[in-house]
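Now for the letters of each chain:
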There are 2 protein chains.
Amino acid sequence: MTDDPSEDATRTLAEPAVGPASSLVADGLASDALVTLFGRCTVDYEGRAASELGPGDRHVMLKPDGAALVHTDEGQKPVNWQPPGCTHECRVDDGALVIESRRETPDERLEIRFSDVAHVAVFRPTDEETLELEGTEADLKDRILSEPSLVESGFRPLATERETPAGAVDVYGEDSEGRTTVLELKRRRVGPDAVGQLDRYVAALERDLHADAEVRGILVAPSVTERARSLLAEQGLEFVSLTPRD
Amino acid sequence: MTDDPSEDATRTLAEPAVGPASSLVADGLASDALVTLFGRCTVDYEGRAASELGPGDRHVMLKPDGAALVHTDEGQKPVNWQPPGCTHECRVDDGALVIESRRETPDERLEIRFSDVAHVAVFRPTDEETLELEGTEADLKDRILSEPSLVESGFRPLATERETPAGAVDVYGEDSEGRTTVLELKRRRVGPDAVGQLDRYVAALERDLHADAEVRGILVAPSVTERARSLLAEQGLEFVSLTPRD
DNA sequence: CGCTGGATGTCGCAG
DNA sequence: CTGCGACGTCCAGCG
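Residues numbered from 1 in each chain as written. Chains lettered and ligands numbered in written order. Predicted model: local features only at pLDDT ≥ 70, side-chain atom pairs only at ≥ 80, totals over all residues. Heavy atoms only, no water.

Per an unreviewed UniProt entry, chain A carries the name Endonuclease NucS and comes from Natronomonas pharaonis. Within the UniProt record for chain A, the comment given under Function (unreviewed entry) is "Cleaves both 3' and 5' ssDNA extremities of branched DNA structures." A UniProt comment under Subcellular location (unreviewed entry) is attached to chain A, and it reads "Cytoplasm". (UniProt positions renumbered as here; feature names shortened; annotations may be inferred.)

K.L.:
Whenever I open this one, the interface of chain B and chain A confuses me. Can you help?
P.N.:
By a widespread convention, an interface's size corresponds to the accessible area lost as its parts come together. The interface of chain B with chain A comprises 70 residues on the first partner and 70 residues on the second. Three residues, Asp73, Gln76 and Leu131 of chain B, lead the burial of chain B against chain A; their summed loss comes to 12% of the area buried on that side. Along the contact surface separating chain B from chain A lie six salt bridges. For glutamate 46 of chain A, the salt bridge identified is with arginine 245 of chain B, shortest N-O distance 3.4 Å. Run the count over chain B and chain A and you get 27 residue pairs in polar contact (both at pLDDT 80 or more). At eleven residues, the largest contribution of residues to the side of chain B that touches chain A is made by strand β3 (residues 50-62) of chain B. Of the residues belonging to the side of chain B that touches chain A, the class tally is 23 nonpolar, 22 polar and 25 charged. (Contact = heavy atoms within 4.5 Å. Buried area = accessible area lost by both parts, 1.4 Å probe. Salt bridge = Lys/Arg side-chain N within 4 Å of Asp/Glu carboxyl O. Polar contact = N/O pair within 3.5 Å; in protein donor to acceptor, adjacent residues only side chain to side chain. Helix = DSSP H or I, 4+ residues; strand = E, 2+ residues; numbered from the N terminus. Nonpolar A, V, L, I, M, F, W, Y, C, P; charged D, E, K, R; others polar.)

K.L.:
How should I be thinking about the protein's contact with DNA strand C in this particular structure?
P.N.:
In the vicinity of DNA strand C there are 25 residues, among which Arg187 of chain A together with Arg48, Arg189, Thr225 and Arg227 of chain B approach most closely. The sugar and phosphate moieties of DNA strand C supply 85% of its atoms located within 4 Å of the protein. Within the backbone of glutamine 76 of chain A, an N or O atom sits 2.7 Å from a phosphate oxygen of DNA strand C. Between a phosphate oxygen of DNA strand C and a side-chain N or O atom of tyrosine 201 of chain A, the distance comes to 3.0 Å. For the surface near DNA strand C, the elements supplying multiple residues, two or more each, are α3 (192-208) of chain A together with β5 (80-82) of chain B. (Near = heavy atom within 4 Å.)

K.L.:
What should I look at first to understand the protein's contact with DNA strand D in this one?
P.N.:
Around DNA strand D lies a shell of 27 residues, among which Trp81, Arg189, Thr225 and Arg227 of chain A together with Arg187 of chain B are the nearest. Within 4 Å of the protein, the contacting atoms of DNA strand D are 79% sugar and phosphate, with bases supplying the remainder. Contacts to DNA strand D include arginine 48 of chain A, whose side-chain N or O atom sits 3.0 Å from a phosphate oxygen. In the environment of DNA strand D, a phosphate oxygen lies 3.0 Å from a nitrogen or oxygen atom belonging to the side chain of tyrosine 201 of chain B. Where the surface near DNA strand D is concerned, the elements lending two or more residues are β5 (80-82) of chain A together with α3 (192-208) of chain B. Among the elements that line the surface near DNA strand D, the one with the most residues is β5 of chain A, at three residues. A class-by-class count of the residues in the surface near DNA strand D yields nine nonpolar, eight polar and ten charged.

K.L.:
Can you help me understand the sheet that holds strand β10 (residues 156-164) of chain B in this one?
P.N.:
The strands making up a sheet associate through hydrogen bonds between their backbones, and the pairing can be parallel or antiparallel. All names here are of chain B. One open sheet accounts for five strands, arranged β10-β11-β12-β13-β14; its pairing is mixed. Since the sheet does not close on itself, it has two edges, and those belong to β10 and β14 (238-241), each with one partner. Taking the axes of each pair of neighbouring strands and ignoring which way they run, one obtains an average angle of 35° across the sheet. As judged from the six bridges shared by strand β12 (residues 180-185) and strand β13 (residues 215-221), these two strands associate in the parallel manner. Bridge pairing links leucine 183 to isoleucine 218 in β13. The strands touched by helix α2 (residues 137-146) within the sheet are β10, β11 (167-174), β12 and β13, with β12 carrying the most contacts at an inclination of about 145°. Contacts from α3 reach β10, β11, β12 and β13 within the one sheet, and its direction differs from that of β13 by about 155°. (Pairing = 2+ DSSP bridges. Axes fitted to C-alpha atoms, helices over the stretch in contact; angles between N-to-C directions.)

K.L.:
Even after reading the chapter, I still don't get the relation of the copies chain B and chain A, so can you show me in this structure?
P.N.:
The pair of chain copies shares a relation made of a rotation about an axis and a shift along it. Superposing chain B onto chain A takes a rotation of 180° plus a shift of 0.0 Å along the axis, which leaves an RMSD of 0.1 Å. On the angle and the small slide along the axis, the relation comes out as a two-fold axis. Among all residues of chain B, the minimum C-alpha distance to the rotation axis is found for glycine 196 of chain B, at 2.8 Å. A shared binding surface is used by both copies, with 100% of the interface residues of chain B retained as interface residues in chain A. (Least-squares fit on C-alpha atoms with pLDDT ≥ 70 in both.)

K.L.:
It is not clear to me how the packing of aromatic side chains should be interpreted in this structure. Could you clarify?
P.N.:
For any pair of aromatic rings, the description rests on two quantities: the centre-to-centre distance and the angle between the ring planes. Counting across every chain of the model gives two aromatic pairs over all chains. For arginine 162 of chain A, the ring lying beneath its charged end belongs to tyrosine 172 of chain A, and the centroid distance is 4.3 Å. (Phe/Tyr/Trp six-rings, centres within 6.5 Å; stacked < 30°, edge-to-face > 60°. Lys NZ or Arg CZ within 6 Å of the ring centre and 35° of its normal.)

K.L.:
I tried to follow the sheet that holds strand β10 (residues 156-164) of chain A on my own but got confused; where do I start?
P.N.:
All names here are of chain A. Read from one edge of the open sheet, five strands run β10-β11-β12-β13-β14, paired in mixed fashion. If you trace the sheet from one side to the other, it starts and ends with β10 and β14 (238-241), each paired once. The average angle at which neighbouring strand axes cross in this sheet is 30°, direction not considered. Two elements, β10 and strand β11 (residues 167-174), share seven bridges in a ladder whose sense is antiparallel. Across the sheet, arginine 162 pairs through a bridge with valine 169, a residue of β11. The sheet strands contacting helix α2 (residues 137-146) are β10, β11, β12 (180-185) and β13 (215-221), and the helix crosses β12 at an angle near 145°.

K.L.:
Looking at this structure, I do not really get the UniProt feature "domain: Endonuclease NucS N-terminal PH-like" (unreviewed entry) in chain A. What am I missing?
P.N.:
When the UniProt feature table is mapped onto this chain, "domain: Endonuclease NucS N-terminal PH-like" (unreviewed entry) is found at residues 33-128 of chain A. As annotated, residues 33-128 of chain A has a helix share of 0% and a strand share of 67%, and its two end C-alpha atoms lie 16 Å apart.

K.L.:
I would appreciate a short explanation of the domain arrangement of chain A in the present structure.
P.N.:
Assigned domains within chain A: domain 1 (5-123) and domain 2 (137-241). With centres defined by C-alpha atoms, the gap from domain 1 of chain A to domain 2 of chain A works out at 46 Å. (Domains from an automatic or database assignment.)

K.L.:
Can you walk me through unusual backbone geometry in this structure?
P.N.:
Across residues other than glycine, the phi torsion is negative in most instances, and most of the peptide bonds are trans. Residue proline 106 of chain A is reached from threonine 105 of chain A by a cis peptide bond, and omega for that bond is -5°. In this structure, proline 106 of chain A sits in the loop between β7 (96-103) and β8 (108-123). With a phi angle near 55°, glutamate 161 of chain A is a residue other than glycine that sits in the positive phi range. At aspartate 94 of chain B, a position not held by glycine, the phi torsion is positive, near 55°. With relative accessibility at 78%, the residue aspartate 94 of chain B sits in the exposed group. (Buried < 20%, exposed > 50% of the residue type's maximum accessible area, 1.4 Å probe, protein only.)

If you want it as structure tokens, here you go:
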């Protein structure tokens, strides 16, 4: 760490000419800073899919990890983006400030062309802290493992993430009568997709064990939709209501 | 529209005191602008789940549609967020600048507490243009409908989004021998989940028609994983390779 | 790297 | 509003 303010201070430019704007963006990219731009731009993307976006005033963020985000006035998700790991370049082309972001595997390219830059900023984010999150599926699993009777009296968990030919089962165990019983856990209200998932695991286990093996499948979630409930019934599967918290 | 520059120009503050920072944020929120802040903050979230994030230097974006995004130096996704439709408030509390975002249904609350604000900006994004995207599942469907033989010689599409007790089938039709044939389309390489989906539709249709009805199920995608391929085989389902573009 | 499934998924559309 | 499935989903964990 030096005393050079460019090493840790925020730097900004308002209504810059293309040259100074380009210089500041390039400096920010070279020094692993977080760079933001605001101004009139078009956006072109080509990769897994392809898109075009006509001119408008938007907010662009370039992260030190190689991510790029283009935000309009609406929506939680960026209108265009590039994932972490991309290489960003900044150049001046025909009087426009052009940001180009590329990656390989898959080959993807994002080009943001600014006809006018209203603002450029270079920030130095720090990330000492990690997010503490609760209320996840992992919390629901912990709840069940520490108190299996919440699922059913006499239920005994024997393994988690047990492998089957159709994938790994969340919780694998036995009921009070010794029958193989598998749980599919969801942190929130579930639809038909979760039933299909549980059904695949149960069918795979019945094939994998004996032809006559009876395997119980229980969907554990706060609630189910009506269609999911009828699919469960058709497949001879069960449901237990349980939330990740409380 | 007036000549008041606050109505359309970008406004910024560098290293502001809490009072001026709060005023500018409040002005921005009141005038449907896009507001960004950068500085040292903690973040607390309570809603569908709950989270805490200790102090660090982060970038916050408040959108005119009510969305809120908190970005660290890493990741394409914000570390914390609030979806569009939320109500943002800005206040000074115990010398700190506090942004609070709320919504109902579900009841959710996000609190961002700045101990130090390095930068505040108010922008006026415009969104005249809409994104033109190609290479989606809809493009794959159009391709098949305009040239059904891409799936199989003699295939005749009869309906799209046809309803079954298990949900709507992407493409419903008949093969050259008059057998009911349903397609599940995916724009990219697929795994076991798509097989489960197709299987649910085929099983529902076989129940819905006659007990003796034979229904063919074809997964149409660029490629499949090995596990998906074996699940297809076990269920007597088929695969056709096709991409949304080219 | 590819596979797999979770996510405070988000988003758009239909009932 | 809920239900349902697509998404350039993103993302972590594991082989």
